[in-house]
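What follows is each chain in one-letter form.
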Amino acid sequence: MTQQMAGSAFSTSLKTAAGYIDVAANAHGEEKSFLALRALERVRHDRPHVVEIGPGGGSAVAYLASQLGAGEQVDRDVRLTLVEVPGVASASLSQAMDAFSRVGACDLVSGFAQDIGTILDGPVDVVSASALLHEVYSYGGAYSGLHAVIRTLPTVLRQGGMFAYRDVYAVKAPSLHDRCSQTYTSRSWLRFLRMFVPQYLGEGTHPYHSASDLVVFRQDSRIVPVERLCERTSVVASAPVGIFREVQRHYVTLRDHVWRSGVLGFCPYLEGPLASDWIDARHGHKRVHYVTTGTDWLPASQKSMLLALSERYTDHFTVDGDVFDECTDIALSAFFELAERKEEPCMEVWKSWVTREGRETYAYLTLDALLAAFAVHSTEAPQQERTVLMPVQVDDVLRRDRAYYNRYLRRTIPNPQKDAKQLVLFSNVPIADTKSLGDGMQCLQQWCSKGSLARIYAAINSGG
């Protein structure tokens, strides 16, 4: 986790609340620990030291414990250090730590990601983090804070150690500033644009400040200020592709937040076995299990029609996911209308989401720029024997698509951005290790532009 910036409206208490950490932020344990396990396979000694920054609810810790207890590494003495924001407590993390203590040593230390260089007592074998860098970018100093963390990592890793990183996939484009067009027709999306875009561009930490980054909305072939968009008419928008990525990702996170609040009158199961009742997992088609809530501001016809399309399943209901998504968008349109009028409870739910997540910048770098930033800024680390952070095998860079969200987005937006998670395993390669350095440069050629490769070459050969 990152330290709160002075003057930021970001609410640490909301982001680190037990209800959020134990539930909303405590999933995908296999994915979060996948690269850490792969890194451990490459560590050659029997007492490896692993550090996880921001363990949240402990899903990665629990999965790591289960794999260490059942796999080939059962006899290794693995030490796990968890670095979490001071004062943050999570019941599920405590349970995960207890599970890990049965297969290795586990301790929890308080601190911020920016201070990891002073928190750890010596070089470690593996550092693992999920969603760290977009938090640093949004709340820890933008690019300067991001680059500072990158420069710190080589100083806490052993030579040959690894940084296992997972975050939101950006876009398939040379730059987040490449302009493109997008069409929106759904009332819920149009109302979201009207509410979200002005506050994000005005209050969020983002890189879209130049004249060429201007966002232009047209309705009926006329340029319309975003605050005056009419939800009854389709809009054609022109903007940097990164902004469309932000709009898309934030809509999805808001939808999950509103679902969990129960304010729409129905609350789906978003965690546990009932959240993975797939009709066709490959194509993201699922059955949604949900319960009804006591919300009474929605028209009775909306709730009754959803129930008519559903089937009772023990103590709750189940319905086709495509139907549920359609019903949700209709209900969200009504939700946005009341939130714009500052009517409760919708306004309070909207404000809590904006405070916690609405100003974050998820897609801060393309893959090309991300890999180049790590390679270039890691060579600037204050250490006697210079190293560089880079993937050294082609499969050290992975993308895990979100089939369910992509299915929804394809039905809602004509040309949506891919919703996925990006996983990169960086090795801390000594500049003097020409074999590993050559492997890393060959690997980078798969994803980096010639300009980025030239920057990396210059940084490595600059002499410090």
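Residues numbered from 1 in each chain as written. Predicted model: local features only at pLDDT ≥ 70, side-chain atom pairs only at ≥ 80, totals over all residues. Heavy atoms only, no water.

Chemist: Could you clarify how one ought to interpret the overall build of the chain in this entry?
Modeler: The helix and strand inventory of the chain stands at 17 helices and 17 strands. Its C-alpha atoms give the chain principal-axis dimensions of about 70 × 55 × 40 Å. Within the chain, the fraction of its 464 residues that count as buried is 55%. Of the contacts formed within the chain by residues at least 6 apart in sequence, a portion of 81% connects residues at least 24 apart. Carbon and sulfur atoms form 51% of the exposed surface of the chain, whose accessible area is close to 19,800 Å². In the chain, 47 positive and 52 negative side-chain charges are present, and the distance between their average locations comes to 5 Å. (Helix = DSSP H or I, 4+ residues; strand = E, 2+ residues; numbered from the N terminus. Buried < 20%, exposed > 50% of the residue type's maximum accessible area, 1.4 Å probe, protein only. Contact = heavy atoms within 4.5 Å. Areas by Shrake-Rupley, 256 points an atom, 1.4 Å probe, with all protein chains shown as cover. Lys, Arg positive; Asp, Glu negative; His and termini not counted. Charge placed at Lys NZ, Arg CZ, Asp CG, Glu CD.)

Chemist: Please explain empty space enclosed by the protein as it appears in this structure.
Modeler: It is the rolling of a water-molecule-sized probe over the atoms that shows where space remains empty. Per the counting criterion, the structure on display carries three cavities of 30 Å³ or more. By volume, the largest cavity amounts to about 100 Å³. Those elements that provide at least two residues to the lining of the largest cavity are strand S5 (157-168), helix H14 (367-378) and strand S17 (420-430). At three residues, S5 tops the list of elements feeding residues into the lining of the largest cavity. Considering only residue class, the lining of the largest cavity consists of eleven nonpolar, two polar and one charged. The space that makes up the second largest cavity amounts to roughly 60 Å³. Broken down by secondary-structure element, the contributors of at least two residues to the lining of the second largest cavity are helix H3 (29-42), strand S1 (49-53) and helix H4 (59-70). In terms of residue count, the dominant contributor to the lining of the second largest cavity is H3 (three residues). When its residues are assigned to classes, the lining of the second largest cavity shows five nonpolar, two polar and two charged. (1 Å grid on protein atoms, 1.4 Å probe; cavity = no way out; pocket = protein on both sides within 12 Å on 5 of 7 lines; lining within 4 Å. Points joined across faces, edges and corners; volume = space filled by probe spheres on them. Nonpolar A, V, L, I, M, F, W, Y, C, P; charged D, E, K, R; others polar.)

Chemist: Any chance you could explain the packing of aromatic side chains here in plain terms?
Modeler: Given two aromatic rings, their pairing is described by the distance between the two centres and the angle made by the two planes. Per the stated rule, a full pass over the model turns up 25 aromatic pairs. Judged by centre distance (6.5 Å) and plane angle (45°), the ring pair of Tyr-184 and Phe-244 falls under tilted. With Tyr-184 in strand S6 (residues 179-184) and Phe-244 in helix H10 (residues 241-261), the pair connects residues that are 60 residues apart, well separated along the chain. Pair check on accessibility: Tyr-184 and Phe-244 agree, each one buried. When the ring of Phe-374 is compared with that of Phe-426, the centres are 4.1 Å apart and the planes differ by 15°; the resulting orientation is stacked. Of the two residues, Phe-374 is situated in helix H14 and Phe-426 in strand S17; the sequence distance between them amounts to 52 residues. Residue Phe-374 shares its accessibility class with Phe-426, and that shared class is buried. (Phe/Tyr/Trp six-rings, centres within 6.5 Å; stacked < 30°, edge-to-face > 60°.)

Chemist: Just checking my understanding: could you explain the sheet that holds strand S9 (residues 235-240) for this structure?
Modeler: Whether parallel or antiparallel, the strands of a sheet pair through hydrogen bonds between backbone atoms. Spatially, four strands are ordered S6-S9-S7-S8 in an open sheet, and the strand pairing comes out antiparallel. Whereas interior strands pair on both sides, the edge strands pair on one side only; in this sheet they are S6 and strand S8 (222-223). In this structure, strand S7 (residues 216-219) lies alongside S8, joined through two bridges in antiparallel fashion. Bridging across to S8, Gln-219 finds its partner in Arg-222. Across the sheet, H10 lies against S6 and S9, angled at about 120° from S9, the strand it touches most. (Pairing = 2+ DSSP bridges. Axes fitted to C-alpha atoms, helices over the stretch in contact; angles between N-to-C directions.)

Chemist: Got a minute to help me understand the layout of surface pockets in this structure?
Modeler: What the second largest pocket holds in volume is close to 450 Å³. Lining the second largest pocket are 18 residues; nearest its centre among them are Arg-42, Arg-44, Gly-160, Gly-161 and Met-162. Of all the elements in the fold, those that place two or more residues in the lining of the second largest pocket are S5, S17 and helix H16 (434-444). Residues that form the lining of the second largest pocket fall into these classes: five nonpolar, seven polar and six charged.

Chemist: Where do I start with the pairing of S7 in this structure?
Modeler: Each regular strand carries side chains that alternate between the two faces of the sheet. Two strands pair when backbone bridges link them, and S7 and S9 are joined in this way by three bridges, in the antiparallel orientation. When the sheet's bridge partners are listed, Arg-218 is paired in S9 with Val-236. What sits between the antiparallel neighbours S7 and S8 is a turn of two residues, in which Asp-220 has the positive phi angle 55°.

Chemist: Even after reading the chapter, I still don't get the packing of H10 against helix H12 (residues 321-340), so can you show me in this structure?
Modeler: Helices that pack against each other are described as a pair by the angle of their axes relative to one another and the distance between those axes. The geometry of H10 relative to H12 is characterised by a closest axis approach of 11 Å and an angle of 85° between their N-to-C directions. Judged by the inter-axis angle, H10 sits roughly perpendicular to H12. Where H10 approaches H12, its residues Tyr-251, Leu-254, Arg-255, Val-258 and Trp-259 are matched on the opposing element by Phe-324, Asp-325, Thr-328, Asp-329, Leu-332, Phe-335 and Phe-336. Class assignment for the residues of the contact of H10 with H12 results in eight nonpolar, one polar and three charged. (Parallel < 35°, antiparallel > 145°, perpendicular 65-115°, else oblique.)

These figures come from the coordinates and say nothing about function on their own.
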